[in-house]
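Coordinate inspection notes
The lines below spell out each chain.
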Amino acid sequence: MMNTNATGRFITFEGGEGAGKTTQIKFLADHLREQGHDVLTTREPGGTPEAEKIRELLVQQDGGNWDPLSECLLFFTARRMHVETLIKPALAAGKTVISDRFFDSTIAYQGYGHGFDLDLIAHVQKISIGDFKPDLTFLLDLPVEDGLRRSQKRLSDAGSNEDKFENLDLAFHQRLRDGFLKMAQLDTARFRIIDAKNSIEEIRKSIIEAML
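Here's what I pulled together on the structure shown here.

Reading guide: rules and limits
- Residues numbered from 1 in each chain as written.
- Predicted model: local features only at pLDDT ≥ 70, side-chain atom pairs only at ≥ 80, totals over all residues.
- Heavy atoms only, no water.
- Helix = DSSP H or I, 4+ residues; strand = E, 2+ residues; numbered from the N terminus.
- Buried < 20%, exposed > 50% of the residue type's maximum accessible area, 1.4 Å probe, protein only.
- Pairing = 2+ DSSP bridges.
- Axes fitted to C-alpha atoms, helices over the stretch in contact; angles between N-to-C directions.
- Expected span 1.5 Å × (residues − 1).
- Arc of directions from axis to C-beta.
- Contact = heavy atoms within 4.5 Å.
- Core = buried A, V, L, I, M, F, W, Y, C linked by side-chain atoms within 4.5 Å.
- Phe/Tyr/Trp six-rings, centres within 6.5 Å; stacked < 30°, edge-to-face > 60°.

**Digging into unusual backbone geometry**
Residues glutamate 44 and proline 45 are joined by a peptide bond in cis, for which omega reads -15 degrees. A positive phi angle, near 85 degrees, is found at arginine 101, a position not held by glycine. Within the element layout of this structure, arginine 101 appears in the loop between β3 (96-100) and α4 (103-113). We classify arginine 101 as buried; its relative accessible area is 12%.

**Overview of the sheet that holds β3**
The strands that make up a sheet are held in pairs by hydrogen bonds between backbone atoms, and each pair lies either parallel or antiparallel. The strand order across the open sheet built from five strands is β2-β3-β1-β4-β5, with neighbouring strands paired in parallel fashion. At either margin of the open sheet sits one strand with a lone partner, and together these are β2 (39-43) and β5 (191-195). When strand polarity is set aside, the average angle formed by the axes of neighbouring strands in this sheet is 20 degrees. Direction of pairing for strand β1 (residues 9-15) relative to strand β4 (residues 136-141): parallel, over a ladder of five bridges. If you follow glycine 15 over to β4, its bridge partner there is leucine 140.

**Some points on helix α8 (residues 200-211)**
Counted at 1.5 Å a residue, the expected span for α8 with its twelve residues is 16 Å, and the 17 Å between its end C-alpha atoms agrees. If you check which residues of α8 are buried, you get Ile203, Ile207, Ile208 and Met211. The arc that holds the buried residues of α8, viewed along the axis, is 130 degrees, so those residues lie on one side. Elements in contact with the buried residues of α8: β1, α1 (21-34), β4 and β5.

**With respect to the side chain of glutamine 125**
Positionally, glutamine 125 belongs in helix α5 (residues 118-129). Residues in contact with glutamine 125, not counting those within four places in the same chain, are Phe76, Phe103, Ile107 and Gly130.

**Examining the nonpolar core**
Counting 26 residues, the largest nonpolar core has Phe10, Ile87, Phe102, Phe132 and Phe180 as its most contacted members. When contributions to this core are tallied by element, the ones reaching two or more residues are α3 (68-92), α4, α5 and α7 (170-186). Listed in part, the 18 residues of the second largest apolar core include Ile25, Ala29, Leu140 and Ile203.

**Regarding the packing of aromatic side chains**
Applying the stated rule across the entire model yields seven aromatic pairs. The interplanar angle of 90 degrees and the centroid separation of 5.0 Å between the aromatic rings of phenylalanine 10 and phenylalanine 102 together place this pair among those described as edge-to-face. Of the two residues, phenylalanine 10 sits in strand β1 while phenylalanine 102 sits in the loop between β3 and α4, which places them 92 residues apart along the sequence. The same class applies to phenylalanine 10 and to phenylalanine 102, which are both buried. Taking the centre distance of 5.5 Å and the plane angle of 25 degrees together, the rings of phenylalanine 10 and phenylalanine 132 count as stacked. With phenylalanine 10 in strand β1 and phenylalanine 132 in the loop between α5 and β4, this residue pair connects regions lying 122 residues apart in the sequence.

In short, shape yes, function no, at least from these values alone.
See the structure below:
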């Protein structure tokens, strides 16, 4: 389903830690550009100067010890800036926008993972971005132990301190995975579940086939 206020297409990638979203986003963006599409890639939290500043507060270990409501509000504050100043203008210009995470991550992490009230998250979402949503969402799914192992290696290799969520316990990450799968099952028109245990090339092919 296309967003009624846009001429472009909005695609998001979701999944737990270490699912390989960044790699597959690059592959898909390159593929679409080869097909003649004007593609913009972005991420959450982030995508605009204001949202990138909020990102530091949310994903770094020393970013702050936020309670669930404060964390949810910060995510949607960054998201509103992202939508209004970057995503919507790009879509209106006919671009394909691919985002590494969107509101499904807030529902999964803060809602299913941390147990924050799902109805309250939906209320904040409605206030901040209205009915705006992706046209297509790829959920890269794999066992949490595999994902965390990949993610920790990536962070270590990059010397990154964006490890706040990686350091949460396995039970949190299992709730997170279960939450993502539940959302995908409830919205089959938008979600495509991709088995992220497969090879990078197999995943790439699955995503391109799902675009047809």
